[in-house]
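# Structure at a glance
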Amino acid sequence: MAEAAHAAAAAEGRAILLPAAEAGPKDLLAAEGYIFCAPENLASLSGVMKEFFDRCYYPVLGQLNGRPYAQMICAGSDGDNAARQLARIATGWRLKEVQPPLIVNTAAQTPEAILAEKVIDDADLARCADVGAALAAGLAMGVF
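Here the structure is a predicted model, which means the values were calculated and not measured. (Residues numbered from 1 in each chain as written. Predicted model: local features only at pLDDT ≥ 70, side-chain atom pairs only at ≥ 80, totals over all residues. Heavy atoms only, no water.)

## So, the pairing of strand S3 (residues 68-75)
Counting buried positions along S3 gives eight out of eight residues, so the element sits mostly inside the fold. Side-chain alternation along S3 places Pro68, Ala70, Met72 and Cys74 on one buried face and Tyr69, Gln71, Ile73 and Ala75 on a second face that is also buried. Where strand S1 (residues 34-41) lies against S3, six bridges are found, and the strand directions are parallel. Bridging across to S3, Ala38 finds its partner in Ile73. Of the pairings in the sheet, the one linking S3 to strand S4 (residues 96-97) comprises two bridges and is parallel in character. Residue pairing in the sheet places Tyr69 in a bridge with Glu97 of S4. Read from S3 through helix H4 (residues 80-92) to S4, the crossover connection turns out right-handed. Relative to strand S5 (residues 102-105), S3 is paired through four bridges, and the arrangement is parallel. (Buried < 20%, exposed > 50% of the residue type's maximum accessible area, 1.4 Å probe, protein only. Helix = DSSP H or I, 4+ residues; strand = E, 2+ residues; numbered from the N terminus. Pairing = 2+ DSSP bridges. Right-handed = clockwise from strand over helix to strand, strands pointing away.)

Here is the structure:
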């Protein structure tokens, strides 16, 4: 999902793809906008993504105001809790949501399906690409 959004954003302008474990406050401050992409685990953001927000929240507080963001959540059920959790963090940073959360539901409900590697279908990857293209185009045109 993140790779599809990144490829489409890069086609519109400058875009950087960073795993949550590698991204930090300096990366947030250097960016003009953000697409946060995360799995929902046990009705919450994944641990790695939550750790990213925990580590970066206060060092950039008050410095990202008004920057645009979008979010993409991959979930085995509805994904709504992770999306709400991420939106609350973004609200604290005073980011500007530029589109509703994109939630891709893998319908992984059995232990086997939950543990299996997920394959995102082409239609959902196209939706992820649309998120990346829209954010990058909006930044390039000065819409955000």
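From this point, the discussion proceeds with the structure in view.
## Side note on the environment of Val104
Positionally, Val104 belongs in strand S5. Val104 gets classed as buried once you look at its relative accessible area, which sits at 2%. Note: C-alpha distance between Val104 and Gln85 (19 residues apart in sequence) is 16 Å. Not counting the four nearest positions on each side in its chain, Val104 is found in contact with Met1, Ile73, Cys74, Ala75, Ile120 and Asp124. (Contact = heavy atoms within 4.5 Å.)

## Considerations on the pattern of salt bridges
Under the defined criterion, the tally for this structure stands at three salt bridges. Between Lys50 and Asp54 there is a salt bridge; the shortest N-O distance is 2.5 Å. Here Asp54 and Lys50 lie together in helix H3 (residues 47-60), a separation of four residues that amounts to about one turn. Owing to a relative accessible area of 30%, Lys50 belongs among the partly exposed residues under this scheme. (Salt bridge = Lys/Arg side-chain N within 4 Å of Asp/Glu carboxyl O.)

## Points about the side chain of Arg67
In this structure, Arg67 sits in the loop between H3 and S3. There is no salt bridge for the buried Arg67, and the closest opposite charge comes from Glu32, which lies 8.5 Å off by N-O distance. A distance of 3.1 Å separates the side chain of Arg67 from the backbone oxygen of Leu29, its partner in a polar contact. Other than its neighbours up to four places away in sequence, Arg67 contacts Leu28, Leu29, Ala31, Glu32, Tyr34, Arg94, Leu95 and Lys96. (Lys, Arg positive; Asp, Glu negative; His and termini not counted. Polar contact = N/O pair within 3.5 Å; in protein donor to acceptor, adjacent residues only side chain to side chain.)

## Regarding H4
In a regular helix each residue adds 1.5 Å, so 13 residues correspond to 18 Å; H4 covers 18 Å between its end C-alpha atoms and thus fits that length. Taken as a whole, H4 has its buried residues at Ala82, Ala83, Leu86, Ile89, Ala90 and Gly92. Check the buried side of H4 and you find it contacts S1, strand S2 (44-45), H3, S3 and S5. In the segment just after H4, Arg94 is the residue with positive phi, at about 65°. (Expected span 1.5 Å × (residues − 1).)

## Some thoughts on the packing of helix H1 (residues 2-12) against helix H6 (residues 122-141)
Contact geometry of H1 with H6 gives a least axis separation of 7 Å together with a crossing angle of 35°. For the crossing formed where H1 meets H6, the hand is right-handed. Taking contact as the criterion, the partners of Ala4, Ala5, Ala8, Ala9 and Glu12 in H1 are, on H6, Leu125, Cys128, Ala129, Gly132, Ala133, Ala136, Ala137 and Ala140. Each residue belonging to the contact of H1 with H6 can be placed in one class, and the counts come to 11 nonpolar, one polar and one charged. (Axes fitted to C-alpha atoms, helices over the stretch in contact; angles between N-to-C directions. Left-handed = near helix turned anticlockwise from the far one by under 90°. Nonpolar A, V, L, I, M, F, W, Y, C, P; charged D, E, K, R; others polar.)

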